[in-house]
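Fold and contact review
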Amino acid sequence: MYDFDKVINRKGTGCAKYDAAYTDDDQLVSMWVADMDFEVLPEIREAVIERAGHPIYGYPIITDEYLNCVVRWMKDRHDFHIEKEWIVCTGGVVPTLKLAVQAFTKPKDHILIMKPVYYPFDDAIKKNDRYVVECPLLFDGEKYSLDPDLFEKKIAENDVKMFILCNPHNPLGIVWSKEDLLKLGKICQKYGVIVVSDEIHMDFVYSGYAHIPFYKVDPSFKDFSIICTAPSKTFNLAGLWTSNILIANETLRKQFEDAKDRCGVTDPNIFGIAACMAAYTYGDRWVDELIDYLQGNVAYMKHFFAENMPEVKVIDPQGLYLVWVDFRSLGFDKDQLEDFMLHKAHVWLDEGYIFGMEGAGFERFNVACPRSILAKALNQIKEAYNKIKAAE
Ligand SMILES: Cc1ncc(COP(=O)(O)O)c(C=O)c1O
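A short tour of the structure in this document, coming up. (Residues numbered from 1 in each chain as written. Predicted model: local features only at pLDDT ≥ 70, side-chain atom pairs only at ≥ 80, totals over all residues. Heavy atoms only, no water.)

1. Points about the packing of helix α3 (residues 64-78) against helix α11 (residues 284-308)
Which entries qualify depends on this criterion: Note on method: axes are straight lines fitted to C-alpha atoms, helices fitted across the in-contact stretch only, with angles between N-to-C directions ranging 0 to 180 degrees. Helix and strand labels come from DSSP, where a helix needs a run of H or I of at least four residues and a strand needs a run of E of at least two; each type is numbered from the N terminus. Oblique is the label for any angle not under 35 degrees, not over 145, and not in the 65 to 115 range, which are roughly parallel, roughly antiparallel and roughly perpendicular in turn. Each crossing gets its handedness from the near helix: less than a right angle anticlockwise from the far helix is left-handed, clockwise is right-handed. We call two residues contacting when some pair of their heavy atoms lies within 4.5 Å. Ten residue types, Ala, Val, Leu, Ile, Met, Phe, Trp, Tyr, Cys and Pro, are classed as nonpolar, four, Asp, Glu, Lys and Arg, as charged, and the remainder, Gly among them, as polar.
Between α3 and α11, the least distance of the axes is 12 Å, while the angle of their chain directions is 45°. Looking at the two axes, α3 sits oblique to α11. As for how α3 packs across α11, the hand of that crossing is right-handed. When α3 is examined against α11, the residues Arg72, Trp73 and Arg77 are found in contact with a partner set consisting of Asp284, Val287 and Asp288. Here the contact of α3 with α11 is built from residues that sort into two nonpolar, no polar and four charged.

2. Remarks on the pairing of strand β12 (residues 322-326)
How we decide: Using a 1.4 Å probe on the protein chains alone, a residue whose accessible area is under 20% of its type maximum counts as buried, one over 50% counts as exposed, and one in between counts as partly exposed. For two strands to be treated as a pair, DSSP must find no fewer than two bridges joining them.
In terms of residue burial, β12 counts as a mostly covered element, since five of its five residues are buried. Here β12 shows no split at all, with Leu322, Trp324 and Asp326 on one side and Val323 and Val325 on the other all buried. Pairing of strand β11 (residues 313-314) with β12 involves two bridges; the strand directions are antiparallel. When the bridges of β12 are listed, lysine 313 appears paired with aspartate 326. In the sheet, β12 pairs with strand β15 (residues 362-366) via five bridges, with the strands oriented antiparallel. Residue pairing for β15: leucine 322 is matched across the bridge by asparagine 366.

3. A word on the nonpolar core
Heads up, the condition is: Here, nonpolar core means buried Ala, Val, Leu, Ile, Met, Phe, Trp, Tyr and Cys residues that are tied together by side-chain atoms lying within 4.5 Å of each other.
In this structure, Met114, Phe151, Phe163, Phe235, Phe305 and Phe365 are the most contacted members of the largest nonpolar core, which totals 107 residues. Setting aside residues up to four positions removed in sequence, phenylalanine 163 forms contacts with Leu112, Met114, Phe151, Leu184, Cys188, Val193, Ile194, Val195 and Val196. Core analysis: the second largest hydrophobic core is formed by 28 residues, Ile113, Val117, Ala124 and Cys166 among them.

4. Observations concerning the sheet that holds strand β2 (residues 87-90)
Strand order across the open sheet formed by seven strands is β2-β10-β9-β8-β7-β3-β4, with mixed pairing between neighbours. Looking at the sheet topology across the chains shown, the edges are occupied by β2 and β4 (131-134). The average undirected angle you get between the axes of adjacent strands in this sheet is 25°. As paired strands, strand β3 (residues 110-113) and β4 are joined by four bridges and run parallel to one another. What sits directly across from isoleucine 113, in β4, is glutamate 134. Sheet strands touched by helix α9 (residues 250-263): β2, β8 (194-198), β9 (225-229) and β10 (243-246). Its angle to β2, the strand with the most contacts, is close to 20°.

Structure follows, in structure tokens:
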């Protein structure tokens, strides 16, 4: 058994999660960015150390052995048969989204995203002088869902050229069903919309759900889409900048590779390559145990709120280690909620509104941490709230 309960001090390692701000707050629990606090898979560490042990760090190439590891992972974990030729390596999914915007659209084009969604989607579009078309997801107070008619209307009315899909969906925890993916894909196909399917969280799916890669929904979807994958969320390798983009269609692949060349987006570095191969070769059991542990954390959190702050609503995640929580019933506005979490409860979260204004009053919790840390954060929230209530 791997030990996900082990607490490791990351402060002072130059990591964004702990060292980017609020470093003088000793009580602060950091649960914002999607970065896990668990010790890395031992074989990954060994592979990186072994590579570092060779005294020459020159330019790498992407070997067949590397590509075979990616193919194996997709086949065994997702029953997803991919060709080695489809894989284009890049140094990160966010750089890839920006690259895809440049490769497949022109300035002033319209690109659709389903809000609330991972905020760099917005950024990738706007910073490249394209327009964002927002298609909000429906929320019934418990669950989010797709409105296919609105999706189609937004595409038709705005002459949308690209759709950036997030599956599983950060921050809402949706693992899109085959039925929904089919509807989305068919509409995009009808209107000639390129789909960029960001599947970086594909390995985090909870029991009762299955991740369906976009190409598996319908074989014809290969003609107009690309899939962004990476070992970086699953194995927490974000600092190694390694991603594998799947592009089955030759024309799209050429367009993407040309844009990659123009922009100077790099391949992964020598350590990222070593880490990805080790992850995809030795990581199965680690990921299985990790998912069990994360499900335990989600259950712990739901139970805690139900017992102590029943007015707070945890949106049941179908996947991801990011949990979307509705605090609107506490009566804070978005700035008060942010101030409460940071300065009264001393818990650093990603504020719901950064994912779109529909997220105001919500918080995104990263529960990929030892349970003791999660318990500390939740207790601090409860105690800070009780203090406010007692003072009223
Ligand atoms: C949906 C999604 N895409 C991409 C990323 C980041 O990818 P990268 O670190 O490879 O740029 C994240 C990180 O949280 C994410 O949630």
